[in-house]
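Each chain, letter by letter, is given below.
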Amino acid sequence: MDTLLLARLQFATTTSIHFLFVVVTLGLVTLLVGMQTAWVLTGNPAWERLTRFWGQLYVINYVLGIATGIVMEFQFGLNWSGLSRYVGNVFGAPLAIETLVAFFLESTFLGMWIFGWHRLRKGVHLALLWGVALTAYASAFWIMVANSWLQHPVGYEVRDGIAHLTDFGALLTNPSLGMAFGHVVSAGLLVGGMLMAAVSAAHLLRRTPDHALFRTSLRVGLVTSALAITLVQGFGFAQFGPVGAVQPTKFGQGPEAQALITEWTARFGPGDYTPPVLANVGLGFMILIGFTLGCVWLLLPLLFRDWIIRLRFPLWLVLLALPLPFIAVILGWIAREVGRQPWVAYGLLPTEQAVSPVSAPLMLTSLIGFSLLLGTLAVTNWVLLVRHAARGAGDPALGRPPAPPNEPAHPEPALA
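Keep in mind the model is a prediction, meaning the values are calculated, not measured.

Quick word on the pattern of salt bridges
All chains considered together, the criterion is met by four salt bridges. Residues Arg159 and Glu157 are paired through a salt bridge, measuring 2.3 Å at the closest nitrogen-oxygen approach. For Arg159, a relative accessible area of 38% gives the class partly exposed. Residue Arg267 pairs with Glu263 through a salt bridge whose shortest N-O separation is 3.7 Å. Highlighted residues: Arg267 and Glu263, both in helix α9 (residues 255–268), separated by four residues, approximately one helical turn. In this structure Arg267 comes out as partly exposed when scored by relative accessible area, which is 48%.

Structural data, given as structure tokens:
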């Protein structure tokens with residue numbers, strides 16, 4: 001039983017599940033900002049109901065997503081002590097900023113937004129949601145800064161066997177950062193848009209009383225998805241240039257890759273310095289799904305013709321397409337992360353030197369434990385999302401006006 005393989009499987013499991021929560025959060029918070037802004041500007045109560053309904057789903061995903069993030073942080077400390085010791089002075093800087101500046105602020109703004117309904121002025125309440133969205137994007141940015149450094153280490157020097165940060169600006173101008181961050185953000189918008197469209201399609205198929213309301217959210221979701229898939233494709237293909245320049249071994253074996261392999265062999269000894277085939281397989285399927293989701297543009301007539309909705313078949317297409325962006329997100333992560341193997345920090349720290357000196361049985365135990373815990377959180381999240389989504393937008397608990405002082409919020413049933 002290989003300790004390194006078990007550690008890599010654990011990392012893949014924890015980060016994959018957590019990443020699914022992240023993209024839902026990024027997508028839904030952006031749509032919430034648009035809907036609550038429309039409510040404040042127009043005064044239309046339909047936008048308020050949509051904000052409350054989708055805000056409730058967002059809060060569920062956010063809370064359970066935090067739990068998955070905590071579990072992921074634990075496995076960093078338990079399994080990858082070599083990473084912390086060797087590159088912690090550089091890699092830890094953007095992570096610390098993400099935690100202190102982005103995550104804490106985001107949680108504070110979100111808590112004030114949740115409990116600020118009917119207690120704050122509309123403008124102040126809306127500003128809190130804008131704060132949640134901006135800090136969520138800031139959090140994603142700093143995470144991608146850290147990840148991009150692992151993909152292409154810059155702005156550092158090695159002293160006494162430890163990497164030290166020498167140029168913070170180089171982290172922000174890393175060639176592997178810009179397009180990758182745009183790709184992640186647009187992927188979040190695609191996931192959020194498809195989720196909104198699919199839930200709306202399900203309600204329209206059920207012919208729930210809130211037909212007009214879910215007709216509106218279907219429009220919002222489909223337009224968002226159509227625009228987002230175009231951005232996803234653009235940012236995705238744009239990365240091939242920077243990736244080829246800074247990671248020649250990732251997708252090809254040209255002269256630059258061979259020169260690097262020769263250099264690494266001299267520095268680190270003989271070994272296989274080519275990425276596993278799994279990276280290219282994931283990339284290929286992700287591109288295929290991306291082109292398939294591009295067909296969402298063909299569904300835009302749903303926005304303008306009621307008779308198309310009465311056909312029901314297009315609504316079923318929207319509903320059945322919901323898993324595709326989630327699968328593409330995981331495949332994209334596999335292509336990016338597995339493609340830099342056998343390195344934790346590309347060309348700097350081999351993966352086998354980053355793993356903690358933990359016995360294989362103990363690593364297997366933690367893998368099983370973390371996988372069960374994260375699986376439980378993921379299943380709980382989707383059960384709660386489905387349950388609350390199925391209830392419709394009649395009277396979501398989020399934003400419900402408080403009961404009058406002399407009237408209990410939930411009257412007790414009369415005694416027989």
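Moving on, there is more to tell.
Brief notes about a nonpolar patch on the surface
Taken together, the side chains of Val277, Leu278, Val281, Phe285 and Leu288 define a hydrophobic patch exposed on the protein surface, amounting to about 490 Å² of accessible area. By the secondary structure assignment, Val277 is in helix α10 (residues 277–293).

What to know about the environment of Val281
Topologically, Val281 is positioned in helix α10. In this structure Val281 comes out as partly exposed when scored by relative accessible area, which is 39%. The sequence separation of Val281 and Ile334 amounts to 53 residues, and the corresponding C-alpha distance is 9.1 Å.

Some thoughts on the packing of aromatic side chains
This model, assessed by the stated rule, comprises 19 aromatic pairs. Ring geometry for Trp113 against Trp117: centres 5.7 Å apart, planes inclined by 65°, an arrangement best described as edge-to-face. Summarising the burial analysis for this pair, Trp113 and Trp117 share the class buried. Taken together, the aromatic side chains of Trp264, Phe268, Tyr273, Trp343 and Tyr346 make up a single cluster linked through ring pairs.

Brief notes about the pairing of strand β1 (residues 156–159)
Note: β1 against strand β2 (residues 162–165), four bridges, orientation antiparallel. Counted as the bridge partner of Val158 is Ala163 from β2.

Section: the environment of Arg340
Along the chain, Arg340 turns up in the loop between α13 (323–338) and β3 (343–345). With relative accessibility at 5%, the residue Arg340 sits in the buried group. Taking C-alpha positions, Arg340 is 7.6 Å from Gln247, a pair spaced 93 residues apart along the chain. When near neighbours in sequence (up to four residues on either side) are disregarded, Arg340 contacts Asn147, Leu150, Gln151, Gln247, Lys250 and Tyr346. At 2.8 Å, the side chain of Arg340 and the side chain of Glu337 are in polar contact.

Section: helix α15 (residues 360–390)
Relative to the 45 Å expected for 31 residues at 1.5 Å per residue, α15 spans 44 Å between its end C-alpha atoms, a close match to the ideal helical length. All of the buried residues in α15 are Ala360, Met363, Ser366, Leu367, Phe370, Leu374, Leu377, Ala378, Asn381, Leu385, His388 and Ala389. After α15 finishes, the residue Gly392 shows a positive phi value of roughly 85°.

Digging into α10
With 17 residues, α10 should cover 24 Å at 1.5 Å per step; its first-to-last C-alpha distance of 25 Å lies within 8% of that length. Along α10, the residues classified as buried are Ala279, Gly282, Leu283, Met286, Ile289, Gly290 and Leu293. Considered in projection along α10, the buried side chains sweep an arc of 130° and stay on one side of the axis. Seen from the open side of α10, the exposed residues pointing more than 90 degrees away from its buried face are Val277 and Leu288.

Some points on the nonpolar core
Generally speaking, nonpolar side chains in soluble globular proteins are found buried as a group. In this structure, Trp54, Tyr58, Leu83 and Trp149 are the most contacted members of the largest nonpolar core, which totals 115 residues. The element best represented in this core is helix α6 (residues 178–206), accounting for 17 residues. Excluding residues that lie within four positions of it along the chain, Trp149 makes contacts with Val87, Val90, Val154, Tyr156, Leu171, Asn174, Ala345 and Leu348. With six residues, the next largest nonpolar core counts Leu260, Ile261, Trp264 and Trp343 among its residues.

Digging into the packing of helix α7 (residues 211–238) against α10
Two elements in contact, α7 and α10, have axes separated by 9 Å at closest approach and are oriented at 150°. Classified by the angle their axes make, α7 and α10 are roughly antiparallel. Taken as a pair, α7 and α10 cross one another with a handedness that is left-handed. The segment α7 lies against α10, with Ile229, Gln233 and Phe237 engaging Ile287, Gly290, Phe291 and Leu293. Taken together, the residues of the contact of α7 with α10 sort by class into five nonpolar, two polar and no charged.

A word on the confidence of the model for the protein chain
In this model, the protein chain carries an average pLDDT of 86, and 94% of its residues clear a pLDDT of 70 or more. Here helix α11 (residues 306–311) stands out as the element of the protein chain with the lowest mean pLDDT, 65, in contrast to helix α4 (residues 122–151), whose mean of 93 is the highest.

Notes on the packing of helix α2 (residues 45–79) against α7
Two elements in contact, α2 and α7, have axes separated by 10 Å at closest approach and are oriented at 70°. One finds that α2 runs roughly perpendicular with respect to α7. In this structure, the crossing between α2 and α7 has a hand that is right-handed. Listed contacts from α7 to Ala46, Trp47, Arg49, Leu50, Phe53 and Trp54 of α2 are Leu213, Phe214, Thr216, Ser217 and Val220.

Remarks on the environment of Val191
Counting through the fold element by element, Val191 comes out in helix α6. What makes Val191 buried here is its relative accessible area of 1%. Val191 sits 38 residues away from Ile229 along the chain, and the two C-alpha atoms are 9.6 Å apart. Filtering out sequence-adjacent residues up to four positions away, Val191 remains in contact with Val23, Val24, Pro325, Phe326 and Val329.

Cut-off values and rules
Residues numbered from 1 in each chain as written. Predicted model: local features only at pLDDT ≥ 70, side-chain atom pairs only at ≥ 80, totals over all residues. Heavy atoms only, no water. Salt bridge = Lys/Arg side-chain N within 4 Å of Asp/Glu carboxyl O. Buried < 20%, exposed > 50% of the residue type's maximum accessible area, 1.4 Å probe, protein only. Helix = DSSP H or I, 4+ residues; strand = E, 2+ residues; numbered from the N terminus. Patch = residues over 30% accessible without salt bridge, like charges linked within 9 Å, V, L, I, M, F, W, Y side chains within 5 Å. Areas by Shrake-Rupley, 256 points an atom, 1.4 Å probe, with all protein chains shown as cover. Phe/Tyr/Trp six-rings, centres within 6.5 Å; stacked < 30°, edge-to-face > 60°. Pairing = 2+ DSSP bridges. Contact = heavy atoms within 4.5 Å. Polar contact = N/O pair within 3.5 Å; in protein donor to acceptor, adjacent residues only side chain to side chain. Expected span 1.5 Å × (residues − 1). Arc of directions from axis to C-beta. Core = buried A, V, L, I, M, F, W, Y, C linked by side-chain atoms within 4.5 Å. Axes fitted to C-alpha atoms, helices over the stretch in contact; angles between N-to-C directions. Parallel < 35°, antiparallel > 145°, perpendicular 65-115°, else oblique. Left-handed = near helix turned anticlockwise from the far one by under 90°. Nonpolar A, V, L, I, M, F, W, Y, C, P; charged D, E, K, R; others polar. pLDDT = per-residue confidence, 0-100.

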